[in-house]
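The residues making up each chain are set out below.
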Amino acid sequence: PALSVALKDNNGNVREKAVEALGKIGPAAKDAVPALIHALKDKDSRVRSGSAEALGKIGPAAKDVGPALNDALKDEGGYAGSTVDRALDTLLRSASVAELVAFLRGPEYQGCVYVRRKAASTLGDLGPAAKDAVSALNDALKDPDGNVRRSAAVALGRIGPARGDHLGDGVL
């Protein structure tokens, strides 16, 4: 709780050190997720960047953070953007197949093209281990965004024969 309070301090250096400490705590800092999401909009780019990094280190315990990270990718200062991308990668790589499917299909992520594309890509990186995601990836082949569709197609290819005969109608 004290570090969450420090995220509201008037001094940018204090806020920066608070997000850094929360990142070092990792998944055990899950109660600070709402404060870190708020800090993604901090006036100080170091705090925004550090918040993104901390959220990535918290991992799946920060599962509701996808939309906020997606929005943070539009960071005007540009400094936080690459950190947000790395945080999203860290978050998705530590997620289970079921959690990745939730990132891909969840209604809260429908406005988050980047998150959906990265989730499909991460499922592809898992290869045959992601066979339980075939239905969601088939659905993603109909996504309005071409990059999500492409990532889903690549993922299905990487899952390979493990996907069985569950390839969607009209795919081939």
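Described in the following lines is the structure provided in the data block.

The rules behind the values
Residues numbered from 1 in each chain as written. Predicted model: local features only at pLDDT ≥ 70, side-chain atom pairs only at ≥ 80, totals over all residues. Heavy atoms only, no water. Buried < 20%, exposed > 50% of the residue type's maximum accessible area, 1.4 Å probe, protein only. Helix = DSSP H or I, 4+ residues; strand = E, 2+ residues; numbered from the N terminus. Arc of directions from axis to C-beta. Expected span 1.5 Å × (residues − 1). Polar contact = N/O pair within 3.5 Å; in protein donor to acceptor, adjacent residues only side chain to side chain. Salt bridge = Lys/Arg side-chain N within 4 Å of Asp/Glu carboxyl O.

All right, on to helix 7 (residues 97–105) then. Those residues of helix 7 lying buried are Val97, Leu100, Val101, Phe103 and Leu104. The buried residues of helix 7 occupy one face: seen down the axis, they fall within an arc of 155°.

Quick look at helix 2 (residues 12–25) now. In a regular helix each residue adds 1.5 Å, so 14 residues correspond to 20 Å; helix 2 covers 20 Å between its end C-alpha atoms and thus fits that length. Within the span of helix 2, buried status applies to Gly12, Arg15, Glu16, Ala18, Val19, Leu22 and Gly23. Along the long axis of helix 2, the arc covered by the buried residues comes to 160°, so they all point the same way. The N-terminus of helix 2 is capped by Asn11, whose side-chain oxygen sits 2.7 Å from the backbone nitrogen of Asn13.

Moving on, we come to the pattern of salt bridges. For the structure on display, the rule yields 11 salt bridges. Its salt-bridge partner being Lys118, residue Asp85 comes within 3.2 Å of it at the nearest N-O pair. Note that Asp85 is positioned in helix 6 (residues 79–93) and Lys118 in helix 8 (residues 113–126), a separation of 33 residues in sequence. Given the relative accessible area of 22%, Asp85 is considered partly exposed. Taking relative accessible area as the criterion, Lys118 reaches 10% and is therefore assigned buried. Here the residues in one salt-bridge network are Glu16, Asp44 and Arg46, joined through shared partners.

In short, shape yes, function no, at least from these values alone.
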